[in-house]
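What the coordinates show
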Amino acid sequence: MTTTLRPEGAEHSWPGGGRSRRWQICVNGRPVGGLRTTALPRGPQWWGEISELEVTEGRRRGRATIGALAAEEVLRGWGCTRLDVAVPTGATAALRLARMLGYTERMRNMAKRLDVAPLLPGSLRVDRIGPAEYEDWLAESEAGYLADLLGSGLTEAQARAKSDADHEQVLPRREATEGVALRQLRGTDGAVLGSLWVALRQSTLPDGSPLAWVMVVQVAEGRRGEGHGRSLMLLAERECLAAGVHHLGLNVFSHNEVATALYRSLGYRVTLRVLGKQLY
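Description of the structure in this document.

Definitions and limits used
- Residues numbered from 1 in each chain as written.
- Predicted model: local features only at pLDDT ≥ 70, side-chain atom pairs only at ≥ 80, totals over all residues.
- Heavy atoms only, no water.
- Helix = DSSP H or I, 4+ residues; strand = E, 2+ residues; numbered from the N terminus.
- Rg over C-alpha atoms; globule rule 2.2 N^0.38 Å.
- Buried < 20%, exposed > 50% of the residue type's maximum accessible area, 1.4 Å probe, protein only.
- Contact = heavy atoms within 4.5 Å.
- Areas by Shrake-Rupley, 256 points an atom, 1.4 Å probe, with all protein chains shown as cover.
- Lys, Arg positive; Asp, Glu negative; His and termini not counted.
- Charge placed at Lys NZ, Arg CZ, Asp CG, Glu CD.
- Phe/Tyr/Trp six-rings, centres within 6.5 Å; stacked < 30°, edge-to-face > 60°.
- Arc of directions from axis to C-beta.
- Core = buried A, V, L, I, M, F, W, Y, C linked by side-chain atoms within 4.5 Å.
- Salt bridge = Lys/Arg side-chain N within 4 Å of Asp/Glu carboxyl O.

Further remarks concern the overall build of the chain. A tally of helices and strands in the chain yields six helices and 13 strands. Over its C-alpha trace the chain gives a radius of gyration of 21 Å, about what one expects of a compact globule, namely 19 Å for 280 residues. The dimensions of the chain, computed from C-alpha atoms along their principal axes, are 70 × 35 × 30 Å. For the chain, the residues scored as buried account for 46% of the 280 residues in total. Pairs at least 24 residues apart make up 64% of the contacts formed inside the chain by residues separated by at least 6 positions. Accessible surface for the chain amounts to roughly 14100 Å². Of this, 52% is attributable to carbon and sulfur atoms. Separation of charge centres in the chain, based on 36 positive and 31 negative side chains, amounts to 8 Å.

Mapped onto the fold, Arg 76 is located in helix H1 (residues 63–77). On the basis of relative accessible area, Arg 76 is assigned to the partly exposed category, the value being 30%. Between the C-alpha atom of Arg 76 and that of Val 27, which follows or precedes it by 49 residues, the distance is 23 Å. Residues contacting Arg 76, with those up to four places away along its chain left out, are Leu 279 and Tyr 280.

Further remarks concern the packing of aromatic side chains. Enumeration according to the criterion identifies four aromatic pairs in this entry. Considering the side-chain rings of Tyr 134 and Trp 137, the 5.7 Å spacing of their centres and the 45° angle between planes classify their relative orientation as tilted. Remark: Trp 137 and Tyr 134 occur in helix H3 (residues 131–151); sequence separation between them is three residues, near one turn of the helix. Of the two residues examined, Tyr 134 and Trp 137, each falls in the buried class. Between Tyr 145 and Phe 253 the ring centres are 6.5 Å apart and the planes differ by 50°, which places this aromatic pair in the tilted class. Here the residue Tyr 145 occupies a position in helix H3, and Phe 253 occupies one in strand E12 (residues 247–253), the gap between them amounting to 108 residues.

Buried within helix H6 (residues 257–265) are the following residues: Ala 259, Thr 260 and Tyr 263. Along H6, the residues classed as buried sweep out an arc of 100° about the axis, all on the same side. Opposite the buried face of H6, at more than 90 degrees from it, the exposed residues are Glu 257 and Val 258. Buried-residue contacts for H6 involve strand E7 (104–113), helix H5 (228–242) and E12. After H6 finishes, the residue Gly 267 shows a positive phi value of roughly 100°.

Within the largest apolar cluster, 28 residues are counted, with the highest numbers of intra-cluster contacts made by Val 198, Cys 240, Leu 248, Leu 250, Tyr 263 and Tyr 268. Those elements that place two or more of their residues in this core are strand E9 (180–186), strand E10 (192–204), strand E11 (210–219), H5, E12 and H6. Top element by residues in this core is H5. It accounts for seven residues. Listed in part, the 24 residues of the second largest apolar core include Ile 50, Val 74, Leu 83 and Leu 101.

Another aspect to go through is the pattern of salt bridges. Inspection of the entire model under this criterion finds 24 salt bridges. Linking Asp 84 and Arg 106 is a salt bridge whose minimum nitrogen-to-oxygen distance equals 2.9 Å. On the criterion of sequence distance, the pair formed by Asp 84 in strand E6 (residues 82–88) and Arg 106 in strand E7 is long-range, its members being 22 residues apart. For the pair formed by Asp 84 and Arg 106, the shared burial category is buried. Salt-bridge contacts for Glu 105 lead to Arg 108; the nearest nitrogen and oxygen are separated by 2.4 Å. The exposure class assigned to Arg 108 is buried, which follows from its relative accessible area of 18%. Through salt bridges with shared partners, a single ionic network connects Glu 8, Arg 22, Arg 36 and Glu 52.

Shown next as structure tokens:
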């Protein structure tokens, strides 16, 4: 028997030059499942994604494996140098397949429902990040994000391209960008203890509820281990509730065990795992 991919409809274009196509997984020309390939520009490079992978007939016969490998070849042909797959919590078969094909976990999505605004320690002061503070904050944010991307397995070129593209996309008007909270946490002496960036309406949940997203939590050098990361997360929850948003999500890189433990202690739970591999 021969397993192949066959296009299911026309290719779709994405804003900014991306492309996506749905495929049927076929055995001897007969559809037994399907998947989607997507390619997105990250600066001068292209990243691929495989999604909607499902075998509807004849599971456990290697058809998903062959489909995924064929999708990798499609994405190589589209010029992708990196490939990610997102696996929801509970999809154990998909996670097992991704690991078998050489994907390694880069990061996790975690989320929490917010009901009551938490209290911040009374000794802390919260300030907005304005034009005078923005450049220094941005440089620190980019440096921290770049280090995390490198630690997650990306090459330096891939990490820089993704960092530049992400910051440009989500902060088009710098500190005046609508729908974001940019805050600094200060002590009684006025010293900056850390900073926070929250996109207050990053996306929506299936029921239409808005979902906010923690983009950056950065504790100042020399002030780590003092509990300021927890205070910044509590501040993020307060900012969300003040904006009428009751769901907050975040990405945490898998190698950052300290941050993962903090988020778990605050009630955040893993909803999705992102695994990736190089396509050379």
